[in-house]
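Next come the chains, spelled out residue by residue.
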Amino acid sequence: MTMWKLAWMNFRQSVKNYLSLVVSLAFTVLVFMNFQNLIYSEVFQVLGSHNKEYIDLLVQMVSFVLACFMFFFVGYATGVFLTRRKKEIGTYVFMGLSNQKIGELYSIETMLMGLAALGLGLGAGILTAGLFQMVLLALGGFDLEVHFLVSPKPVVITAVVYLGIYLFFVGKGYVNIVRSSVLAMIQAAKQNEYVRQNRLFLSVRAVAGAGLLGTGYYLAVRKGGPEVMAYAFTAMVLVMAGVYLVFGGLIPLVFWGLAGNKRFLYRKERLLWVSRVIFCMKKNYRTYAMVSILVLCSVTALAMGVAMKQRYGNMVHFENIYTFQLLSSQKGVGPRAESIIRKYTDIRYQGEIPFLVLDDQAMGPDPGDARAAILSYSNVVGLTETAPLECSFPEPGDDEVIKVSQLYLMSLITRRTGMEVKIAGKSYRQTMETSEPYLGYLQEQISFYLVSDREYERLRHLGQEQYTWNYRISDLAAFGAVKEALEELSGTGEGCYTARIAVDPGKNDTDWVRVLYPFCFFMFLVFLMASGSMMLMKVYNDALDERERCQILRRMGIDGKALYRAIVWELGTAYGLCFLVMILSSWFSVRALGNMMYTDLTAVYAGSVLAVFASLAVFCGLSVTVYWNNVTV
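Residues numbered from 1 in each chain as written. Predicted model: local features only at pLDDT ≥ 70, side-chain atom pairs only at ≥ 80, totals over all residues. Heavy atoms only, no water.

### Thoughts on the overall build of the chain
- Helix and strand counts for the chain come out as 18 helices and ten strands.
- Sorting the 633 residues of the chain into buried and exposed places 52% on the buried side.
- Across the chain, the fraction of contacts at a sequence separation of at least 24, relative to all contacts at a separation of at least 6, is 85%.
- Roughly 28700 Å² of accessible area belongs to the chain as shown, and the carbon and sulfur atoms make up 61% of that amount. (Helix = DSSP H or I, 4+ residues; strand = E, 2+ residues; numbered from the N terminus. Buried < 20%, exposed > 50% of the residue type's maximum accessible area, 1.4 Å probe, protein only. Contact = heavy atoms within 4.5 Å. Areas by Shrake-Rupley, 256 points an atom, 1.4 Å probe, with all protein chains shown as cover.)

Below, the structure is given as structure tokens:
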């Protein structure tokens, strides 16, 4: 019998056992191919070259993340396959096969499994390409034509990337087998991730893990300036290391303490599953840590997607609060502009507000900032009486300022209070920052600082007062005609000037942002599917190892229902621990995200956690079924 025939026979016999592994790999291929198809699809061409460039960049960034994830997941999947197959194919040594032949046999079997996943993933990807685009466009709120044809390029790129990664790990497995001894191959299935530990070592790990997590959580929510990026990156590294040490030290230590408490241990079926949890935690703690991190990423991705959608709606409102704005150094322009606009359409709302530009320009955090101005509190309140704007904060003190800023999609500057702002040589304390669009488009170009009425009057003689008139028209179809008619007011005269600002209601410069939240949603699904697949693979391996123990327990008179309940508690505890670590870590990650996006994501966090809980509950139920079916065969 040739190696190919033997490998094919083994593959056919074991394909059911590794079906979850094949399906998981196929899912990653499907998602990667569909994202690649977006780059070569013409579906976003109608949004303009500007948006298309940004969307292509986003797709390439997501594809890079998916490729990294594929590298990690393929490595884990082939590692699980190698560990399980080592014991089985190690028996071929007694049949006279060399390690090289055994490695060749493993490589062929693994490649058959990989090619099956690739074929399944590409086939499903081609069939669902149109559906993927439809869902993406629906989530983003686009009304575009969907192309159901898939070009060869994304298929080829996906196959090349996947096969490159897969061949790397197949080669690594081949080298591993060639260098392994017969005893090592036979005992490989029992080795798994087991590491002998003592209580002192566990205590050191527990303290180190708690310390790293605490430091990472602190840095994640710490506010500041540009250094926030460094805080976020450091926090990410510390939290990942902390989760690893918590599962490798703190949690086993806690369960060892519970196992030593006889009152706890000897109630119900705890004697059957608590010791198993301790053993599995020592054996599988790396897997549990990776699952927790993946679930943490999924919650963060979903929270980011929902937050992006909310933020985009606020940005559209900010940019379109006014259709026309007139900026002038003299009074009296407003009534003339209003009469011109009413010739073509009604005015939904309007507002007038002056602001002060100081002569010395020494204002703001940067004393040389020439693009900053002063607002009076009463003038802002007056504007809210005629325009749909809010001013819910009290008047600042004479030594306080409120920054009126542009609405950003995301900002690394998370500290917005307590800073010292110098205006005309006097120091003020910034008490808050608001992105309410009082000045509309001008707010995107100039930094405004709101002061008390007394301070505004004190500063008035130090600079020049500018006047703005802001209008939102009722009939947007009249935009072009009104824009042309208002041109007659623009110009520069002796010591005065008037400028007209028109905000096109049909512009789509930021439509690329609408693609972000569908991307985040799909990343949520990818991370969640990966975490569930990893747990299912690990449960399957554990079930095969525990089949003999469970059969012995049945012969000893342990009731089948009691054994089933013990399995439910054992697997439920594993999933529950991953979920609890995720809840704690994701609270800080979502809060850090909220700081960067200037929004409260508490409700988003709660919804994301509930979605993850429901998904993990389904995976836990599947794991119990898989485990029970394997140990009772």
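### Comments concerning the pairing of strand S4 (residues 400–404)
- Most of S4 sits out of view: five of its five residues are buried.
- Residues Glu400, Ile402 and Val404 point to one face of S4 and Val401 and Lys403 to the other, with burial holding for every one of them.
- Across five bridges, S4 lies against strand S6 (residues 426–434) in parallel orientation. When the sheet's bridge partners are listed, Ile402 is paired in S6 with Met432.
- Pairing geometry for S4 and strand S7 (residues 447–451), over three bridges, is antiparallel. Looking across to S7, one finds that Val404 is bridged to Phe448. (Pairing = 2+ DSSP bridges.)

### Re helix H7 (residues 199–221)
- An ideal rise of 1.5 Å per residue puts 33 Å on 23 residues; H7 measures up with 33 Å between its terminal C-alpha atoms.
- Inspection of H7 places Leu202, Arg205, Ala206, Gly209, Leu213, Gly216, Tyr217, Leu219 and Val221 among the buried residues, and these make up the whole buried set. (Expected span 1.5 Å × (residues − 1).)

### Observations concerning the packing of H7 against helix H17 (residues 560–597)
- Running from N to C, H7 and H17 cross one another at 20°; their axes reach a closest spacing of 8 Å. Viewed along their axes, H7 and H17 adopt a mutual orientation that is roughly parallel. H7 and H17 meet at a crossing whose hand is left-handed. Taking contact as the criterion, the partners of Tyr217, Ala220 and Val221 in H7 are, on H17, Leu584, Ser585, Phe588, Arg591, Ala592 and Asn595.
- Here the contact of H7 with H17 is built from residues that sort into six nonpolar, two polar and one charged. (Axes fitted to C-alpha atoms, helices over the stretch in contact; angles between N-to-C directions. Parallel < 35°, antiparallel > 145°, perpendicular 65-115°, else oblique. Left-handed = near helix turned anticlockwise from the far one by under 90°. Nonpolar A, V, L, I, M, F, W, Y, C, P; charged D, E, K, R; others polar.)

### Some thoughts on the pairing of S6
- Relative to S6, strand S5 (residues 420–423) runs antiparallel, the two sharing four bridges. Within S6, the residue paired with Val421 across the bridge is Tyr428.
- Connecting the antiparallel pair S5 and S6 is a turn made up of two residues, with Ala424 showing a positive phi of about 55°.

### A look at the nonpolar core
- Ranked by size, the top nonpolar core spans 113 residues in total, and within it Leu25, Phe35, Tyr162, Phe247, Phe519 and Val612 carry the most contacts.
- Per-element accounting of this core gives the leading share, 22 residues, to helix H10 (residues 270–319).
- Apart from residues no more than four positions distant in its own chain, Phe35 is found in contact with Val59, Val62, Ser63, Leu66, Phe132, Phe519 and Phe522.
- Counting 23 residues, the second largest nonpolar core, distinct from the first, contains Ile353, Ala387, Leu389 and Leu450. (Core = buried A, V, L, I, M, F, W, Y, C linked by side-chain atoms within 4.5 Å.)

### A look at the layout of surface pockets
- Each pocket or cavity is described by its volume, and for the largest pocket that value is around 1800 Å³.
- Counted by class, the lining of the largest pocket contains 41 nonpolar, six polar and one charged residues. (1 Å grid on protein atoms, 1.4 Å probe; cavity = no way out; pocket = protein on both sides within 12 Å on 5 of 7 lines; lining within 4 Å. Points joined across faces, edges and corners; volume = space filled by probe spheres on them.)

### Regarding the side chain of Ser329
- Positionally, Ser329 belongs in the loop between strand S1 (324–328) and helix H11 (333–342).
- When its relative accessible area of 15% is taken as the criterion, Ser329 is described as buried.

### Notes on the pattern of salt bridges
- Here the structure, examined in full by the defined rule, presents eight salt bridges.
- Across the pair Arg500 and Glu487 runs a salt bridge whose closest N-O atoms are separated by 2.0 Å. Here Arg500 is found in strand S10 (residues 496–502), whereas its partner Glu487 is found in the loop between helix H15 (479–485) and strand S9 (491–493), with 13 residues between them in sequence.
- Relative accessible area serves as the criterion here: at 18%, Arg500 is assigned to the buried category.
- Salt bridges linked by common partners bring Lys426, Glu455 and Arg458 together as one network. (Salt bridge = Lys/Arg side-chain N within 4 Å of Asp/Glu carboxyl O.)

### Let's talk about the confidence of the model for the chain
- The pLDDT averaged across the chain works out to 80; a share of 83% of its residues lies at or above 70.
- Confidence, read as mean pLDDT per element, is least for helix H6 (residues 182–191) in the chain (53) and greatest for helix H12 (residues 377–384) (93).
- Confidence drops under a pLDDT of 50 for residues 191–196, and excluding neighbours within four residues, the segment shows 18 contacts in the predicted structure.
- Note that residues 364–370 has pLDDT below 50 and, in this model, twelve contacts with residues that lie over four places away or in other chains. (pLDDT = per-residue confidence, 0-100.)

### Some words on the environment of Leu459
- With respect to the helices and strands, the residue Leu459 is situated in helix H14 (residues 453–460).
- For the pair formed by Leu459 and Ile423, sequence separation is 36 residues and the distance between their alpha carbons is 9.0 Å.
- Leu459 has contacts with Leu356, Leu358, Ile374, Ile423, Ala424 and Tyr428, leaving out every residue within four places of it along the chain.

### Details of the environment of Ile567
- Its place among the elements puts Ile567 in helix H17.
- Under the relative-accessibility criterion, Ile567 is labelled buried at 3%.
- Separated by 291 residues in the primary sequence, Ile567 and Arg276 place their C-alpha atoms 9.4 Å from one another.
- Ignoring any residue separated from it by four or fewer positions in sequence, one finds Ile567 in contact with Tyr627, Trp628 and Val631.

### Comments concerning empty space enclosed by the protein
- All chains considered together, the criterion is met by five cavities of 30 Å³ or more.
- If you trace the largest cavity, you find 13 residues lining it, with Tyr288, Asp542, Glu570, Leu571 and Ala574 closest to the centre.
- Looking at the lining of the largest cavity, the elements with two or more residues in it are H10, helix H16 (516–555) and H17.

### As for the environment of Gln100
- On the secondary structure map, Gln100 appears in helix H4 (residues 99–140).
- With a relative accessible area of 42%, Gln100 lands in the partly exposed category.
- The spatial distance from the C-alpha of Gln100 to the C-alpha of Ile177 is 7.7 Å, given a sequence separation of 77 residues.

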